[in-house]
Amino acid sequence: MDEHLRSEQSVAVIGGGVAGMSAACGLADIGFKVVLLERRGYLGGRASSYLHPGVNEVIDNCQHVVFGCCTNIAGFYQRIGVADKIHWTSDMTMIEPGGRRSHLGPSKLGPIGLPAPLHGMPSFLTASAFRFDDKLALGRAFRAMMKPGPDNDSDESLGDWLRRHKQTEGAMNHFWRLVIASALNADIEHIAVHYAAKVVRELFMNSAEAGSMGMSIVPLSELYDGAKQFLEERGSKVVLNANVEVLSWDAPTLKWTITTRSGLHTADYVVIALPFDGLEKLLPGLPQTPGAAVLARQIAQHEHWPICSVHLWFDREITQLDHAVLLDREIHWLYNKGKLQPGRNLKGSYVELVVSASRDFATLTREEAIAQAVQELGEFFPMVRSAKLEKAALIKEVRATFGVPPGIDSARPPAVSPWPNLFLAGDWVATGWPSTMESGARSGHLAAEAICRATGRPRNFLVPDLKPQGLMKWIGGGRR
């Protein structure tokens, strides 16, 4: 540890989501004195939990998952000592209305796993959720997306690309509109092809490890208690309920003053780790600088997409599955929170149903959304029809993610901002990843690296990507 940094260099991180926590913990770990400012009364940002007064239960604002390819969020969990609180699985169950199931996941030839990208092929070929022509169509698309390509600036949407590659209706509804559109939380007509291709390669092709899925076994804000403890043990601190109002730069002392409703904070460096609209609100109070107008134009190109979740408590167990993909209905994903979070000690069951990228569902009233969710859930799990619904909650995260339409990369700024000693983080900045916790963690690590370069002491925080395995190690070139 560099004692000079511990005694003299200070950083204020604005925003206690994954991006802010990743930056703060990384910098505190090498000796910076960090203050993490969060406007809410808990950490986690859009990946948080809280006591819902309507049901008197601590619930996550939405189910968040990580994948094996998400090396930086996994590295952040390792740093703060909570990696053991993530439940990992490589299996996915797809259920059709009426109950017919398809199981996807890596397969083995005897004791040996099949090499990537063949590891998931046996279960895919036997999946009843896809007809033979669907599988042929998906095979063509996967082959076309197998090789990374240089077309990040293409103005072709995923929807246009899929039609050009002659995808069947079954492939569209059971894979592209469900799995991929859910992963990117947007309609296929508003998704850039290279982001969809990245998801396909990372989750289904590069390796079985990369596609494994992890879910927290404790409520999310409890998971992030580890970040608060980590910072405090290193002489840094977290200030909650600290809504930032204005930032002032003092050129003679080379320091920032951050004005919050609860007081003032000064720091040598600042990281603004907020969603794009949060940064937009701070722009008028920042010093005038030529690059501010460019940043404002970049922000204006972004838009939010909603995620809705319906939380249901039944008097009995309705399924043994811990999660499932639900086909051909408005509800998309089931997470059996009673099984995933065993510390709840439930007598019955608690499930969360997630509806991604649906602006129509977000317009329903609480009563309409819950009634529709329960009715549809009964089509997949007959026990729902005889179970008693004891309580329910509807969460509408209208600003859940930023969209990734064609051309959005030009609107994603780097970590270095137009102002001196001020840096940017957040899942929407230039990380190369879509709107995910992994992108948030990467952005925090990139901001920490930028600060270290500014001090003349370069450090590496970014965790390298998982390398492709099996046959994927030798597949390269441009995508068709």
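Details of the structure are given in the entry above.
In this report, we go over the structure that sits alongside the text. (Residues numbered from 1 in each chain as written. Predicted model: local features only at pLDDT ≥ 70, side-chain atom pairs only at ≥ 80, totals over all residues. Heavy atoms only, no water.)

**Observations regarding the overall build of the chain**
Move 1: Tallying secondary structure elements over the chain gives 16 helices and 22 strands in all.
Move 2: For the chain, the spread of C-alpha atoms along the three principal axes comes to 70 × 55 × 45 Å.
Move 3: Counting across all 480 residues of the chain, residues that qualify as buried make up 56%.
Move 4: Within the structure as shown, the chain displays about 19,900 Å² of accessible surface, and the carbon and sulfur contribution to it stands at 53%.
Move 5: For the chain, the centre of its 50 positive side-chain charges and the centre of its 50 negative side-chain charges are spaced 3 Å apart. (Helix = DSSP H or I, 4+ residues; strand = E, 2+ residues; numbered from the N terminus. Buried < 20%, exposed > 50% of the residue type's maximum accessible area, 1.4 Å probe, protein only. Areas by Shrake-Rupley, 256 points an atom, 1.4 Å probe, with all protein chains shown as cover. Lys, Arg positive; Asp, Glu negative; His and termini not counted. Charge placed at Lys NZ, Arg CZ, Asp CG, Glu CD.)

**Re the sheet that holds strand E13 (residues 244-250)**
Each strand in a sheet pairs with its neighbour through backbone hydrogen bonds, running either in the same direction (parallel) or in the opposite one (antiparallel).
Move 1: Here 3 strands make up an open sheet; going across it, the order is E13-E14-E15 and the pairing antiparallel. Looking along the sheet, the strands with just one partner apiece sit at the ends: E13 and strand E15 (263-267). Here the average twist between neighbouring strands, direction ignored, is 20°.
Move 2: Sheet topology note: the strand E14 (residues 255-260)/E15 ladder contains 5 bridges and is antiparallel. When the sheet's bridge partners are listed, Thr260 is paired in E15 with Gly263. (Pairing = 2+ DSSP bridges. Axes fitted to C-alpha atoms, helices over the stretch in contact; angles between N-to-C directions.)

**Digging into the sheet that holds strand E17 (residues 304-314)**
Move 1: Spatial ordering of the open sheet is given by E8-E7-E18-E19-E20-E17-E21, a layout of 7 strands whose pairing is mixed. The strands lining the two open edges of the sheet, one partner per strand, are strand E8 (101-104) and strand E21 (389-402). Going from strand to strand, the sheet's axes swing by 25° on average, the running direction of each strand aside.
Move 2: Sheet topology note: the strand E7 (residues 92-95)/strand E18 (residues 323-326) ladder contains 2 bridges and is parallel. Within the sheet, the bridge partner assigned to Ile95 lies in E18 and is Leu326.

**Some words on unusual backbone geometry**
Move 1: Going from Ala116 to Pro117, the amide bond is cis rather than trans, its omega being 5°.
Move 2: Structurally, the position occupied by Pro117 is in the loop between strand E10 (112-113) and helix H4 (121-125).
Move 3: Phi at Leu254 is positive, roughly 55°, even though this residue is not glycine.
Move 4: Of note, Leu254 is situated in the loop between E13 and E14.
Move 5: You will see that Asn421, though not glycine, has its phi angle at about 55°, which is positive.

**Things to note about the packing of aromatic side chains**
Move 1: Across all of its chains, the model carries 15 aromatic pairs by this definition.
Move 2: Here the aromatic rings of Tyr42 and Tyr50 are separated by 6.3 Å at their centres, their planes lie at 15°, and the arrangement is stacked.
Move 3: Tyr42 gets classed as partly exposed once you look at its relative accessible area, which sits at 25%.
Move 4: Exposure remark for Tyr50: the relative accessible area of 23% places this residue in the partly exposed category.
Move 5: Ring centres 6.5 Å apart and planes at 40° place the aromatic pair Tyr269 and Phe423 in the tilted group. Of the two residues, Tyr269 is situated in strand E16 (residues 269-273) and Phe423 in strand E22 (residues 422-425); the sequence distance between them amounts to 154 residues. Pair check on accessibility: Tyr269 and Phe423 agree, each one buried.
Move 6: Joined through ring pairs, the aromatic side chains of Phe124, Phe130, Phe142, Phe175, Trp176 and Phe204 make up one cluster.
Move 7: The cationic tip of Arg359 hangs over the ring face of Trp305; the distance from NZ or CZ to the ring centre is 3.7 Å. (Phe/Tyr/Trp six-rings, centres within 6.5 Å; stacked < 30°, edge-to-face > 60°. Lys NZ or Arg CZ within 6 Å of the ring centre and 35° of its normal.)

**Let's talk about the nonpolar core**
Move 1: Tyr77, Trp176, Ile180, Tyr224, Leu247, Val271 and Ile272 are the most contacted members of the largest nonpolar core, which totals 131 residues.
Move 2: When neighbours within four sequence positions are excluded, Val271 is seen to be in contact with Val11, Ala12, Val13, Ile14, Ala23, Phe423, Ala425, Ala447 and Ile451.
Move 3: In this structure, Val310, Phe314, Leu326 and Phe380 belong to the second largest nonpolar core, which totals 27 residues. (Core = buried A, V, L, I, M, F, W, Y, C linked by side-chain atoms within 4.5 Å. Contact = heavy atoms within 4.5 Å.)

**Quick notes on the packing of helix H7 (residues 169-184) against helix H8 (residues 193-205)**
Move 1: Following both chains from N to C, one finds H7 and H8 inclined at 95°, their axes separated by 10 Å at the closest point. With respect to H8, the axis of H7 lies roughly perpendicular. For the pair H7 and H8, contact is made by Phe175, Trp176, Val179, Ile180, Ala183 and Leu184 and by Tyr195, Ala196, Val199, Val200 and Phe204, respectively. (Parallel < 35°, antiparallel > 145°, perpendicular 65-115°, else oblique.)

**Notes on the environment of Gly407**
Move 1: Within the secondary structure, Gly407 is located in the loop between E21 and E22.
Move 2: Gly407 sits in the partly exposed class, given a relative accessible area of 31%.
Move 3: Separated by 250 residues in sequence, Gly407 and Ser157 have C-alpha atoms that sit 9.7 Å apart.

**Brief notes about the pairing of E8**
Along a regular strand, successive side chains alternate from one face of the sheet to the other.
Move 1: Of the two faces of E8, only one is covered, namely that formed by Ser102 and Leu104; the face formed by Arg101 and His103 stays uncovered.
Move 2: In textbook terms, the turn of a hairpin is the stretch between consecutive antiparallel strands, and for E7 and E8 this stretch comprises 5 residues, one of which, Gly98, has a positive phi near 105°.

**What about the pattern of salt bridges?**
Opposite charge on two side chains makes pairing possible when the charged atoms of those side chains draw close.
Move 1: Going through the model one piece at a time under the given rule, you end up with 24 salt bridges.
Move 2: Between Glu202 and Lys198 there is a salt bridge whose closest N-O contact spans 3.6 Å. Residue Glu202 and its partner Lys198 are both found in helix H8; the two are separated by 4 residues, about one turn of the helix. Here Glu202 and Lys198 have matching classes, each one buried.
Move 3: Between Arg234 and Glu233 there is a salt bridge whose closest N-O contact spans 3.6 Å.
Move 4: When its relative accessible area of 55% is taken as the criterion, Glu233 is described as exposed.
Move 5: It is possible to trace a salt-bridge network through shared partners that takes in Asp29, Arg79, Glu233 and Arg234. (Salt bridge = Lys/Arg side-chain N within 4 Å of Asp/Glu carboxyl O.)

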